Amino acid sequence: MADQTLDAKGLQCPLPVLRARKVLKTVPPGSTLTVEATDPGAPKDFAAFCEATGNRLASSVEEGGVYRFVIERCA
């Protein structure tokens, strides 16, 4: 279960990632942030974001046009 959740539905690139970056700074290492987004580019964006920041993309799923990402803060 996520420690924090961010609703980024309706936002277009790069806003979901930028908002996630801001919230992730408040998440303690080892905890998670769940992000929900509707931007079709979000899966690629969040994979690149996690790789670049050293955080772990624990899961990435799409259901009914909503993408749900669980990011574990490692750095």
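For the structure, check the block above.
Because the structure is predicted, anything quoted here is derived from the model rather than measured. Position numbers for residues count from 1 along each chain, tracking the sequence in the order it is written. Owing to the predicted nature of the model, reporting of local features is limited to residues with pLDDT of at least 70; listing and counting of side-chain atom pairs is limited to 80 or more, with chain, interface and lining totals taken over all residues. As a rule here, side-chain values cover all heavy atoms of the structure and leave hydrogens and water aside.

1. Remarks on unusual backbone geometry
Consideration 1: Backbone torsion omega between Cys-13 and Pro-14 reads 10 degrees, so that peptide bond is classified as cis.
Consideration 2: Locating Pro-14 in the fold gives a position in the loop between β1 (4–8) and α1 (15–24). Put simply, DSSP marks the helices as runs of H or I at least four residues long and the strands as runs of E at least two long, and each gets a number from the N terminus on.

2. Some words on helix α2 (residues 42–53)
Consideration 1: Working rule for helices: expected span equals 1.5 Å times residues minus one. When the terminal C-alpha atoms of α2 are compared, their 16 Å separation across 12 residues agrees well with the 16 Å that a helix rising 1.5 Å per residue should span.
Consideration 2: Here the term buried applies to any residue with accessible area under 20% of the maximum for its type, exposed to any over 50%, and partly exposed to those in between, with areas from a 1.4 Å probe on protein chains only. Among the residues of α2, those classed as buried are Ala-42, Phe-46, Phe-49 and Cys-50. Projection of α2 onto a plane perpendicular to its axis shows the buried side chains occupying an angular sector of 95 degrees, all on one side. Turned more than 90 degrees from where α2 packs its buried face, Lys-44, Glu-51 and Ala-52 sit exposed.
Consideration 3: Note on contacts: a residue pair qualifies if any of its non-hydrogen atoms lie within 4.5 Å across the two residues. Packing partners of the buried residues in α2 comprise α1, β2 (32–37), β3 (56–63) and β4 (66–72).
Consideration 4: Backbone geometry just downstream of α2 places Gly-54 in the positive-phi region, at approximately 85 degrees. Throughout, the arc means that of the directions going from the helix axis to the C-beta atoms.

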